[in-house]
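Chain residues, written in single-letter form:
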2 protein chains.
Amino acid sequence: MNNGAARVLEALRRAGGGTCSGEILSQAEGVSRAQVWKHVEALRRDGYVIEAEPGEGYRLASVPDRLFPEEIQHGLATRWLARDIRYFDEIDSTNRLAFDLAREGVANGTSVIAEAQTAGRGRLGRSFFSPPCANLYTSIVLRPEALTTAAPAWILASAVGVADTIAEEVGSAAEVEIKWPNDVLLGGRKSCGILMELGAEATRVAFLVLGIGVNLNVDPATFPEEFRAQATSLAGFLGRPIDRISFARRLYENLEPTLEACTREGLRGILPRFEAHFRMQGRTVRIQDLEGQSRSGCVLGIDEEGALRIAPSDGGPEERVVAGDVTLEKERA
Amino acid sequence: MNNGAARVLEALRRAGGGTCSGEILSQAEGVSRAQVWKHVEALRRDGYVIEAEPGEGYRLASVPDRLFPEEIQHGLATRWLARDIRYFDEIDSTNRLAFDLAREGVANGTSVIAEAQTAGRGRLGRSFFSPPCANLYTSIVLRPEALTTAAPAWILASAVGVADTIAEEVGSAAEVEIKWPNDVLLGGRKSCGILMELGAEATRVAFLVLGIGVNLNVDPATFPEEFRAQATSLAGFLGRPIDRISFARRLYENLEPTLEACTREGLRGILPRFEAHFRMQGRTVRIQDLEGQSRSGCVLGIDEEGALRIAPSDGGPEERVVAGDVTLEKERA
């Protein structure tokens, strides 16, 4: 959206659903009435419904279901997060672009949003199902002063921010669970994936990229078959459509203080909130390590470094899991 | 260098300083005599001295002082390191390009070489003085299966490979010292800088980029004034020019088994060799941490995780330094 269109949109918003004359618009925005008309046409092409009342002016009747930066930033109560949003109809991967932008030196908090990803990525080289205009795919560039050893804390912080936002939307935290380290489950099914990538110089973080994909309005019946049984969307769970713009805004608003706590205090600053959403204690999990070895154990909890504490099923001594893939085993009847 | 020129060069080399007829060259390489002549001209433009003996053929009289991949790879005894070299007369930063190549998926061991860097980088955002055609600037892409916490081992491994190669050139290890974590000193002055950058997914290394700059033939008098007192080159130290091609070849050959040991056994696999070049025990150092705080202490050694063990000068308990900047304090008389 160009600046002129954004200013006209802002003026229509200030009218609060009322009518705004072309005369007033052109005076307030310092452009000709012909230009006002041009900007209104551009907004309509973007999906804004703008009614023209003969002799009275223009009225903003509805906004499109698009994650336009102007919509998200309208009333966004953050100080540094998502103050710069790069928006795309379609992109290969929001993380790929955010990583490029981070290397080019964009500011802390710069965010990428795409309506669709053609090569959305998940952890361990997996793909992330990213159909258009239904969900939220965003990647955030962070520049904390931190050692790479501290970086996993930001994954847990992101999961907390997402879980809080989903719990607000659902109106209850009871059905929301963080599956360590980086999935958020809703009613026991995956509703969000988080992929953190980082660039570092030796032991020092140069930047982090937090990729967050939340299934909002996608119809669970359209999931690829291999995900269908384990995945859901907020709309699928609640049986009503989700306002994606408002969800994105609240997500950034919830993430900002969580990420700040992480920068200030490290994992200690967010662990209590992580544990509030953590329900894996006592459950049996199967762990696949980097070498492809698999073993099972019972979850004891999270330690002060964010690692999963496991009592191995073979009776061996307690283990810490810092990486690898964790699957919840089926509950016994 | 195109493939045809590379094949003609290889045939001239096989003649071992003898003459090779244009007829034989054209038959062996399957190209016309006119093409042989074209390739010889191209090689001459690259600085190869190729003498034409009337009625007898061509003779390779000398090779240019350029780090052409064909020169380095001629007789290179590595299996995977520097089998793919990307060569540039000039580049902004070999690390920048190697990082880009790593993200694009190039193979383990792919190396970048440039004769000059216009924006050569050192640690902590500093610049690295990179004059043309005098030194060795190379960046290596590695893809170990490793956690980010293990990554610092590769910095120490690189320092070992460089120190071994410099010791071979100097003919003695006595004047060669590794200044923890990543400088190699010759006669007490910096002769090499190493900059490791990494890309990671959460706790898992996606790739490492090892940037190595060795001062070979640069005249120490031309160093920027702020480095001059602390820096040297091999030629400055030895008083004779260094064969850059042969140095580069031996560096890759020394690095390959060191990096393999690191991948196989982690830091444990290289620590004894690191300690052989480590002479900081008992010396007083000043440490600047990430927050810019500075303190001094006496070096006790290296621990099993590669951290510097320090006895603080203020009498406090032993500390471990994993990052930050370390300066050797002047020796007491």
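Throughout this description, residue numbers start from 1 for each chain and increase along the sequence as written. Labels follow written order: the first chain is A, the first ligand is 1, and so on. Totals for whole chains, interfaces and linings use every residue, but because this is a predicted model, local features are given only for residues with pLDDT of at least 70 and side-chain atom pairs only at 80 or more, for both listing and counting.

What exactly am I supposed to notice about the overall build of chain A here?
Secondary structure counts use DSSP, requiring at least four H or I residues in a row for a helix and at least two E residues in a row for a strand, with both numbered from the N terminus. Secondary structure summary: chain A contains 10 helices and 14 strands in total. Its C-alpha atoms give chain A a radius of gyration of 22 Å, within 12% of the compact-globule value 20 Å for 333 residues. Its C-alpha atoms put chain A at 80 × 45 × 30 Å along the principal axes. Exposure is read from a count of other C-beta atoms within 10 Å of each residue's own; the residue is exposed at 12 or fewer, buried at 20 or more and partly exposed in between. C-beta atoms are placed from the backbone. Here chain A, with 333 residues, has 43% of them falling under the buried criterion. Within chain A, contacts between residues at least 6 apart in sequence are counted, and of these 60% link residues at least 24 apart. Each radius of gyration reported is based on C-alpha atoms, and the globular scaling rule is 2.2 Å times the count of residues to the power 0.38. A pair of residues counts as a contact when their C-beta atoms, built from backbone coordinates, are within 7 Å of each other.

Would you mind going over the pairing of strand S3 (residues 85–88) of chain B with me for this structure?
Across a regular strand the side chains alternate sides, sitting on one face of the sheet and then on the other. Residue and element names in this part refer to chain B. Here the rule is simple: two strands pair whenever DSSP picks up at least two bridges between them. In terms of strand pairing, S3 meets strand S4 (residues 111–114) through four bridges, oriented parallel. By the bridge assignment for S4, Arg86 is matched with Val112. Seen with the strands pointing away from the viewer, any crossover whose path from the first strand over the helix to the second strand runs clockwise is right-handed. The parallel pair S3 and S4 is bridged by helix H5 (residues 94–104), and the resulting crossover is right-handed.

Looking at this model, I keep getting lost on the relation of the copies chain A and chain B. Mind explaining?
Relating one copy of the chain to the other takes a rotation about an axis and a shift parallel to that axis. Superposition of the copies used a least-squares fit over C-alpha atoms from residues whose pLDDT is at least 70 in both. Once turned by 180° and shifted 0.0 Å along the axis, chain A lies on chain B with an RMSD of 0.1 Å. This pairing of chains is accounted for by a two-fold axis. Of every C-alpha in chain A, the one belonging to Gly199 of chain A sits nearest the axis of rotation, 2.4 Å from it. Counting the interface residues of chain A, we find that 100% of their copies in chain B are interface residues as well, pointing to one common contact surface.

Any chance you could explain the interface of chain A and chain B here in plain terms?
Interface size is often expressed as the accessible area that is lost when the parts come together. Across the contact, 21 residues belong to chain A and 21 residues belong to chain B. For the side of chain A that touches chain B, the elements supplying multiple residues, two or more each, are helix H6 (152–170) and strand S8 (189–201) of chain A. When residues of the side of chain A that touches chain B are assigned to their parent elements, the largest contribution, seven residues, is made by S8 of chain A. Of the residues belonging to the side of chain A that touches chain B, the class tally is 12 nonpolar, four polar and five charged. Here S8 of chain A pairs with strand S8 (residues 189–201) of chain B via five bridges, running antiparallel. Residue pairing in the sheet places Leu198 of chain A in a bridge with Ala200 of chain B of S8 of chain B. Note on residue categories: nonpolar means Ala, Val, Leu, Ile, Met, Phe, Trp, Tyr, Cys or Pro, charged means Asp, Glu, Lys or Arg, and polar means any other residue, Gly included.

Would you take a moment to explain the sheet that holds strand S10 (residues 284–288) of chain B for this structure?
Residues and elements named next belong to chain B. Judged by pairing direction, the sheet is antiparallel, and its five strands sit side by side in the order S13-S12-S11-S10-S14 without closing on themselves. Each edge of the sheet is formed by a strand with only one pairing partner; in this case those strands are strand S13 (319–321) and strand S14 (325–328). Each adjacent strand pair in this sheet contributes to an overall mean axis angle of 45°, direction not counted. In this structure, strand S12 (residues 308–312) lies alongside S13, joined through three bridges in antiparallel fashion. Looking at the pairing, Leu308 lines up with Val321 of S13. To obtain each axis, a line is fitted to C-alpha atoms, and for helices this fit is confined to the stretch in contact; angles are then taken between N-to-C directions over 0 to 180 degrees.

Just checking my understanding: could you explain the pairing of strand S1 (residues 49–53) of chain B for this structure?
All names here are of chain B. Among the five residues of S1, zero are classified as buried, and the element is accordingly described as predominantly exposed. Sheet analysis places S1 next to strand S2 (residues 57–62), joined by five bridges and oriented antiparallel. Within S2, the residue paired with Glu51 across the bridge is Arg59. Counting the residues that bridge the hairpin from S1 to S2 gives three residues, and of these Gly55 lies at a positive phi of roughly 75°.

Whenever I open this one, the domain arrangement of chain A confuses me. Can you help?
For the domains described, the bounds stem from an automatic or database domain assignment. With domains assigned, chain A is organised as domain 1 (3–62), domain 2 (69–276) and domain 3 (284–328). If you average the C-alpha positions of domain 1 of chain A and of domain 3 of chain A, the two centres end up 58 Å apart.

Looking at this model, I keep getting lost on the environment of Ala167 of chain A. Mind explaining?
Among the structural elements, Ala167 of chain A can be located in helix H6. For the pair Ala167 of chain A and Leu186 of chain A, spaced 19 residues apart in sequence, the C-alpha separation works out to 8.9 Å.

Looking at this structure, I do not really get unusual backbone geometry. What am I missing?
Glycine aside, residues mostly have negative phi angles, and peptide bonds mostly take the trans form. All names here are of chain A. Looking along the chain, the bond that leaves Trp180 and enters Pro181 is cis, with omega of -5°. Here Pro181 lies in the loop between strand S6 (176–179) and strand S7 (183–186). Of note, the phi angle at Ala82 is positive, near 65°, even though the residue is not glycine. Along the chain, the position of Ala82 falls in the loop between helix H4 (69–73) and strand S3 (85–88). Judged by C-beta crowding, with 24 C-beta atoms within 10 Å, Ala82 ranks as buried.

Explain the confidence of the model for chain A here, please?
Low-confidence regions, as indicated by low pLDDT, have predicted coordinates that should not be scrutinised in detail. Every residue is assigned a pLDDT by the predictor, reflecting its confidence on a scale from 0 to 100. For chain A, per-residue confidence averages 90 on the pLDDT scale, and residues scoring 70 or more make up 98% of the total. Across the interface, the model reports ipTM at 0.80; the global pTM reads 0.86.

What am I meant to see in the packing of helix H1 (residues 3–14) of chain B against helix H2 (residues 22–29) of chain B here?
A pair of packed helices can be characterised by two numbers: the angle between their axes and the separation between those axes. Residue and element names in this part refer to chain B. Where H1 meets H2, the closest approach of the two axes is 10 Å, and the angle between their N-to-C directions is 125°. Regarding the angle of H1 to H2, the classification is oblique. Classified by chirality, the crossing of H2 by H1 is right-handed. Of the residues in H2, those in contact with Arg7, Val8 and Ala11 of H1 are Leu25, Ala28 and Glu29. Across the contact of H1 with H2, the residue classes tally to four nonpolar, no polar and two charged. In these notes the angle categories are as follows: under 35 degrees is roughly parallel, over 145 is roughly antiparallel, 65 to 115 is roughly perpendicular, and the rest is oblique. Put simply, a crossing is left-handed when the front helix is turned counterclockwise from the back one by less than a right angle, and right-handed when it is turned clockwise.

What's the story with helix H9 (residues 244–265) of chain B in this structure? I'm lost.
Because the α-helix completes a turn every 3.6 residues, residues three or four places apart line up on one side. Residues and elements named next belong to chain B. Working rule for helices: expected span equals 1.5 Å times residues minus one. The end-to-end C-alpha separation of H9 is 31 Å, in line with the 32 Å expected for 22 residues at 1.5 Å each. Turning to H9, its buried residues number three or more, namely Arg244, Phe247, Ala248, Arg249, Leu251, Tyr252, Asn254, Leu255, Thr258, Leu259 and Cys262. The elements touched by buried residues of H9 are helix H4 (69–73), strand S5 (136–142) and helix H6 (152–170). Remark: Gly266 follows H9 within two positions and exhibits a positive phi of approximately 70°.

Teacher, can you tell me more about the sheet that holds strand S14 (residues 325–328) of chain A here?
Strand pairs in the sheet, formed through backbone hydrogen bonds, run parallel or antiparallel to each other. Residue and element names in this part refer to chain A. With respect to topology, five strands assemble into an open sheet ordered S13-S12-S11-S10-S14, the strand pairing being antiparallel. The open sheet has two edge strands with one neighbour each: strand S13 (319–321) and S14. In this sheet, neighbouring strand axes are inclined to one another by 45° on average, regardless of whether the strands run parallel or antiparallel. Alignment of strand S10 (residues 284–288) against S14, held across four bridges, turns out to be antiparallel. In the sheet register, Val285 faces S14, and the bridge partner there is Leu328.

Would you mind going over the environment of Leu267 of chain B with me for this structure?
Residue and element names in this part refer to chain B. With respect to the element layout, Leu267 can be found in the loop between H9 and helix H10 (271–276). Assessed through the 20 C-beta atoms surrounding it within 10 Å, Leu267 is described here as buried. The spacing of Leu267 and Ala150 is 117 residues in sequence and 7.8 Å in space, taken between C-alpha atoms. Once residues lying within four places of it in the same chain are set aside, the contact partners of Leu267 are Ala153, Leu156, Glu304, Glu305 and Gly306.

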